[in-house]
Amino acid sequence: MKLSLVKKIVVASLFTMISLSAFSVNLYPPYVIYVSVNPLTNDITMVWDKSKELVIDSLGLYYVSPQGNENVTIFKTYTQNVPGSYTINCSKIPTLGTTTVTAPLSFVAEVYVGANGKGNWGDAIPIAHTTIFASSSFQICPSRNVISWTAYKGFQLDEKTALAITKYNIYQYVGGTSILVGSVAGNVLTYSVPANQGAGQFFYYVEAEFNDLKGNPEKSTSNMTTATVVLPKYPTYLTGLYSQAVTDDSLKLSFAIDITSDITHFQLYKADTMPGIFHPQSGNIPIAAKSLVVFYDSTKGVSLHHNYYKLYAIDACNDTVEASNIVSTIVSTIQNSNNTNIINWNNFINWPNGVDHYDIYRAIDGETPYVLYSESKAAISSLTYTDNLSGVSGSGSEQCYFIEANSEPSKINNNISISNKVCVKQEDKLFIPDVCNPVSKIIANRSFKPIVAYINKSTYQFIVYNRLSEPIFKTTDPDNAWDGTVKGETVQEGTYIYFVSYKNSAGKSIEKRGTFYVIYNEN
């Protein structure tokens, strides 16, 4: 039975009884088993089985250009019909014109009969074997190397039955060793390798597995392809610096960011418990021109509740690549009991180097706050302070407190987180002596003044009148007392009039008038 691929040649008759005429015979081409590329050297190896023809004059190996049967180049000739293998570097193939494999390459084998005969190689082209050509690229989202390739093509000894590729194996070439990174079915022509080995150049090639005409397993490899991985620069730091209560309904947050990184935006997250689930608090926050960024949480009562914040760095793939340390609120509370104020607060979390110390600030009647006490790192676990008011009872009606957490020194900054402010108003107290002795042996009895506690001292007024209701002493300072003199002269014994006024912690005006005695005899 004749195959469809036959070689019709014209042979000159050797017999004298036959005139020189031509006739056609059928020639079987050699069966190409496989063609393969050496990924390291760009050598091409062609392996074939002998033709079914019993007598031939030559066997030729051809490179078939992409233009097909009008462009073939013979690169090796044999005088015997034998199976064989031949390797040639691609740079040695005439008309290929390249020192490296840059495209799929097709090859056929042909046999000849007659001293000057030709095989009709154009008929053999449809059963050419074509090598795998691999290419690769780095894709950033997700971060991976994508290897793609053209299918290995080969045929049985007819034009209709293509080789069935069992599978493709993908290899990475590392330091002289080929490492199998994956395999895919024979109808798949792409494979992705996660780019988790850092930046640089990565080398890959592809191997096809199939069975030849006799059922023997065969392989064919592709050229080497290079993927250059350029990973984005992730932040070298993303640090939560502080939280500061501005008001009960406003909290200021600050973070240090690495603006040289390749992230595209930030996202602020918040949780109300720890451990807890963090929820986004805003839309995408673009990269700022400054390395210190500030956010405000204006949720009602935000400074009065335990809240925890993180800042996330998001890359071009919308993936979170870095998260800051947690920044918490400091919530302070106050209790008043037996002439004392007890202030409690929670520990601030969490600076990379921890809290160095806490400062407790006090302000009286809205005046400038001052440091009342510093709690050292050794005592931080207590997180409480008791303020004995006996020494400040005359200094105002309202005491307000807040806590400052001071960080350990870090490479970014020394930072301060501030709690909410807590205040307590005391009930005013007033005591008026009924006598004074400017020459008493007891110093406290030598002057006269009202004894006040927990008043609004900015509204305080104290006046002393003589018996004619003429003012002889005035002061707005609760600490000032009348010493029993007028213009440096000691006054006479007798009855005098006082007037005192102020506002209490509720803002109510308090006034009191009365009389007292000046004496010079302590009996």
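Scope of this entry: the structure provided in the associated data block. The shown structure was predicted, so the numbers you read here are calculated from the model rather than taken from an experiment.

Calculation criteria
- Residues numbered from 1 in each chain as written.
- Predicted model: local features only at pLDDT ≥ 70, side-chain atom pairs only at ≥ 80, totals over all residues.
- Heavy atoms only, no water.
- Core = buried A, V, L, I, M, F, W, Y, C linked by side-chain atoms within 4.5 Å.
- Buried < 20%, exposed > 50% of the residue type's maximum accessible area, 1.4 Å probe, protein only.
- Contact = heavy atoms within 4.5 Å.
- Pairing = 2+ DSSP bridges.
- Helix = DSSP H or I, 4+ residues; strand = E, 2+ residues; numbered from the N terminus.
- Axes fitted to C-alpha atoms, helices over the stretch in contact; angles between N-to-C directions.
- Disulfide = S-S within 2.5 Å.

As a further point, take the nonpolar core. Membership of the largest hydrophobic core comes to 47 residues, with the highest contact counts inside it found for Ile44, Met46, Phe107, Trp149, Tyr152 and Tyr168. Residues within four places of Phe107 in sequence aside, it is in contact with Val35, Ile44, Met46, Tyr62, Tyr63, Phe75, Ile93, Ala128, His129 and Thr131. In this structure, Leu238, Trp345, Tyr358 and Ala405 belong to the second largest nonpolar core, which totals 35 residues.

Below, the discussion takes up the sheet that holds strand β9 (residues 144–149). Ordered in space as β8-β9-β12, the 3 strands form an open sheet in which the pairing is antiparallel. Taken across any chain shown, the strands that pair with only one partner, and hence form the sheet edges, are β8 (134–139) and β12 (190–194). When strand polarity is set aside, the average angle formed by the axes of neighbouring strands in this sheet is 20 degrees.

Inspection of every chain in the model, using the stated rule, returns 2 disulfides. Each sulfur in the disulfide pair Cys141 and Cys317 lies 1.9 Å from the other. Handedness here is read from the sign of the S-S torsion; for Cys141 and Cys317, about -95 degrees, the answer is left-handed. Of this pair, Cys141 sits in the loop between β8 and β9 while Cys317 sits in the loop between β22 (308–314) and β23 (320–323), and the two are 176 residues apart along the sequence. Covalently, Cys400 is tied to Cys423 through a disulfide, its sulfur atoms 1.9 Å apart. Of note, the bridge from Cys400 to Cys423 carries an S-S torsion of about 110 degrees and is right-handed in sense. Taken as a pair, Cys400 in strand β30 (residues 398–407) and Cys423 in strand β32 (residues 422–425) lie far apart in primary sequence, 23 residues in all. Owing to a relative accessible area of 8%, Cys400 belongs among the buried residues under this scheme. Each bonded cysteine in the chain gets a number by its place in the sequence, and the pairs come out as 1-2, 3-4.

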